[in-house]
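Architecture and fold: a report
As a plain string of letters, each chain reads:
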Amino acid sequence: MPKLKLSEFEQKKLVARVTLKKRMDIKQINMKGMAKRLNRPTSTLYNRFANPEILRLDDLWTLVTILGLSDQEILQIVRGK
């Protein structure tokens, strides 16, 4: 079966997930710890990471502070490039 090319939307979602997970790995923060810092249930955080298009702005602001995201990483999350 041939490989299917990801749509632009799916590529953007993938870039956002990878960027956030990479920074969490660098900071050595797991999903449970991140959920606690964001004051969200772990299941909600898993859902928002699986579907970054539903990530709330206040969560993004907190992630920027906690994970120390650079301007380039923020643009990767928002623009998907």
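Residues numbered from 1 in each chain as written. Predicted model: local features only at pLDDT ≥ 70, side-chain atom pairs only at ≥ 80, totals over all residues. Heavy atoms only, no water.

**Here we look at the packing of helix 1 (residues 8-27) against helix 5 (residues 71-79)**
Axis separation between helix 1 and helix 5 bottoms out at 7 Å; the angle between their running directions is 145 degrees. When you trace helix 1 past helix 5, the crossing you get is left-handed. Together, Lys12, Val15, Ala16, Thr19, Leu20, Lys22 and Arg23 of helix 1 and Glu73, Gln76, Ile77 and Arg79 of helix 5 make up the contact between the two elements. Split by residue class, the contact of helix 1 with helix 5 holds four nonpolar, two polar and five charged. (Axes fitted to C-alpha atoms, helices over the stretch in contact; angles between N-to-C directions. Helix = DSSP H or I, 4+ residues; strand = E, 2+ residues; numbered from the N terminus. Left-handed = near helix turned anticlockwise from the far one by under 90°. Contact = heavy atoms within 4.5 Å. Nonpolar A, V, L, I, M, F, W, Y, C, P; charged D, E, K, R; others polar.)

**Quick word on the pattern of salt bridges**
Per the counting criterion, the structure on display carries eight salt bridges. As a salt-bridge pair, Arg48 and Asp59 come within 2.4 Å of each other at their nearest N and O atoms. Of this pair, Arg48 sits in helix 3 (residues 42-50) while Asp59 sits in helix 4 (residues 57-67), placing them 11 residues apart in sequence. Summarising the burial analysis for this pair, Arg48 and Asp59 share the class buried. Where Arg56 meets Asp58, a salt bridge forms, and the shortest distance between an N and an O atom there is 3.4 Å. (Salt bridge = Lys/Arg side-chain N within 4 Å of Asp/Glu carboxyl O. Buried < 20%, exposed > 50% of the residue type's maximum accessible area, 1.4 Å probe, protein only.)

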